[in-house]
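Geometric and topological summary
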Amino acid sequence: MKVGFLGFGEVASTISRGLLTEGVEILTCVKARSQRSADMAKSVDVELCETFSQLAESSDILLSTVVPAEAVNIAREVGRNVKGVYVDLNNVSPATINEASNHITNGKITDAAIMGSIKSGLKTPIIASGPSAETFAGLNNYGMNIEVIGPELGQVSGLKMLRSAYTKGVSALLFESFYAAYQMGMDEVLWRYLAQTEGPNFKESSISRLKSSAVHARRRAQEMDEVSEFLSEYEDPMVANAAAEFFHLLSNKRGLMSEKPTDYRDLFRKLENNLF
Ligand SMILES: NC(=O)c1ccc[n+]([C@@H]2O[C@H](COP(=O)([O-])OP(=O)(O)OC[C@H]3O[C@@H](n4cnc5c(N)ncnc54)[C@H](OP(=O)(O)O)[C@@H]3O)[C@@H](O)[C@H]2O)c1
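Residues numbered from 1 in each chain as written. Predicted model: local features only at pLDDT ≥ 70, side-chain atom pairs only at ≥ 80, totals over all residues.

**Quick notes on helix 11 (residues 239-252)**
The end-to-end C-alpha distance of helix 11 is 20 Å, a good match for the 20 Å that 14 residues give at a rise of 1.5 Å each. Burial in helix 11 covers these residues: A240, A243, A244, F246, F247 and L250. Mapping the buried residues of helix 11 onto a view down its axis gives an arc of 160°, with all of them on the same face. The exposed set on the far side of helix 11, more than 90 degrees from its buried face, consists of L249 and N252. Taken together, the buried residues of helix 11 touch helix 7 (155-184), helix 9 (202-215) and helix 10 (217-231). (Helix = DSSP H or I, 4+ residues; strand = E, 2+ residues; numbered from the N terminus. Expected span 1.5 Å × (residues − 1). Buried ≥ 20, exposed ≤ 12 C-beta atoms within 10 Å, placed from the backbone. Arc of directions from axis to C-beta. Contact = placed C-beta atoms within 7 Å.)

Structure below.
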């Protein structure tokens, strides 16, 4: 079994390390890529192809792990040379997956998503959909954790949009509620009462959301714009639009937080005193 990676960053190196221990051959191409990517490929000891076309021709399963903005470009670059199954693991919308699929001329493309952080290694849950998803899920025989959720392209990337709508919508509401509670001096009481209905880990997980909302406000804003566009195919989204606007406003407060604060109140203190 030969598994190829287009792009060799955090995702590719983590999955490769696990698959190599299972006896899978790993290929990539780092020609004209950054020193970081070249070093990562070297540290994992994968086979290096001279060109992306050669990589596409030699892989039974070819995973695209580039960056969302390059998902279509790389599909266009290698599409005609793909011999096996092409799996798009980038964080992209159903529209982008469909655009990428137009370039994979053998039609064997899979829409896939990492559900969580890849830091958990080979067992990180991945969901897949599309006509070749079952072939991709064959990598479960080599220690991966892939669930096929449907036969159509766009099902996985759509689900990812819905997950984002929920998690980022909740984050925006948390931020708004707790900023007011902080100004009232009532945040501790609100944590205590919400924990009674939301569960014992509520405070810990919510504080982590508050902090990352501030640090990643710009990325969240862009992601929520995509979510709103996606939802508007089905309904007139109101909460998602508001969450997008919220994150845009937060991201305009440049320098609010460059790294996660240790105490969420530091964040609110900065906001309260316009210290950004
Ligand atoms: N990390 C996670 O936990 C996680 C979770 C969910 C989804 N994802 C998705 O998985 C994908 C990869 O994430 P990552 O964390 O591994 O990113 P990363 O560490 O930034 O690695 C991206 C890799 O893609 C290469 N690349 C970028 N544009 C390319 C192009 N046009 N042609 C060929 N190679 C290109 C980069 O090369 P250079 O170094 O030369 O730029 C780098 O090797 C992303 O789309 C992300 O949305 C990641």
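**Digging into the site of the ligand**
As a structural note, the neighbourhood of the ligand is formed by 24 residues, with G7, G9, V11, N90 and N91 the closest of them. For the shell around the ligand, the secondary-structure elements that each account for two or more residues are helix 1 (10-21), helix 2 (35-44) and helix 4 (71-78). Tallying contributions element by element places helix 1 first for the shell around the ligand, with three residues. A class-by-class count of the residues in the shell around the ligand yields 11 nonpolar, nine polar and four charged. (Near = placed C-beta within 6 Å. Nonpolar A, V, L, I, M, F, W, Y, C, P; charged D, E, K, R; others polar.)

**Re the environment of S13**
In this fold, S13 is placed in helix 1. In the structure, S13 is positioned 255 residues away from F268 in sequence and 38 Å away in space, judged by C-alpha atoms. If we skip the residues at most four places from it in the chain, S13 touches F8, M40 and V44.

**Some points on the domain arrangement of the chain**
Domain assignment breaks the chain into domain 1 (2-152) and domain 2 (157-272). Relative to domain 2, the C-alpha centre of domain 1 lies at a distance of 31 Å. Listed per partner, the contact involves nine residues of domain 1 and seven residues of domain 2. When residues of the side of domain 1 that touches domain 2 are traced back to their parent elements, those giving at least two are helix 5 (94-101) and strand 6 (109-114). Considering only residue class, the side of domain 1 that touches domain 2 consists of six nonpolar, two polar and one charged. (Domains from an automatic or database assignment.)

**A few points about the environment of E99**
Locating E99 in the fold gives a position in helix 5. We classify E99 as partly exposed; it has 15 C-beta atoms within 10 Å.

**Considerations on the sheet that holds strand 6**
Reading across from one edge, 3-2-1-4-5-6-7-8 is the order of the eight strands in this open sheet, with mixed pairing throughout. The sheet is open, and its two edges are formed by strand 3 (47-48) and strand 8 (146-150), each paired on a single side. Across four bridges, the pairing between strand 7 (residues 126-129) and strand 8 is parallel. By the bridge assignment for strand 8, A128 is matched with V148. Lying on the sheet, helix 7 is in contact with strand 6, strand 7 and strand 8; it crosses strand 6 at an angle near 25°. (Pairing = 2+ DSSP bridges. Axes fitted to C-alpha atoms, helices over the stretch in contact; angles between N-to-C directions.)

**What about the environment of R218?**
The topology assignment puts R218 in helix 10. You can call R218 partly exposed: it has 14 C-beta atoms within 10 Å. In this structure the C-alpha to C-alpha distance between R218 and A244, which are 26 residues apart in sequence, comes to 10.0 Å.

**Topic: the nonpolar core**
Core analysis: the largest hydrophobic core is formed by 48 residues, its most contacted members being I61, L62, L63, V87, A112, A128 and F136. Looking at this core element by element, the count peaks at five residues for helix 4. Setting aside anything within four residues of it in sequence, one finds I61 in contact with V3, G84, V85, V87, F136 and L139. Counting residues in hydrophobic clusters, the runner-up holds 20 residues, among them M161, A240, A244 and Y264. (Core = buried A, V, L, I, M, F, W, Y, C linked by C-beta atoms within 7 Å.)

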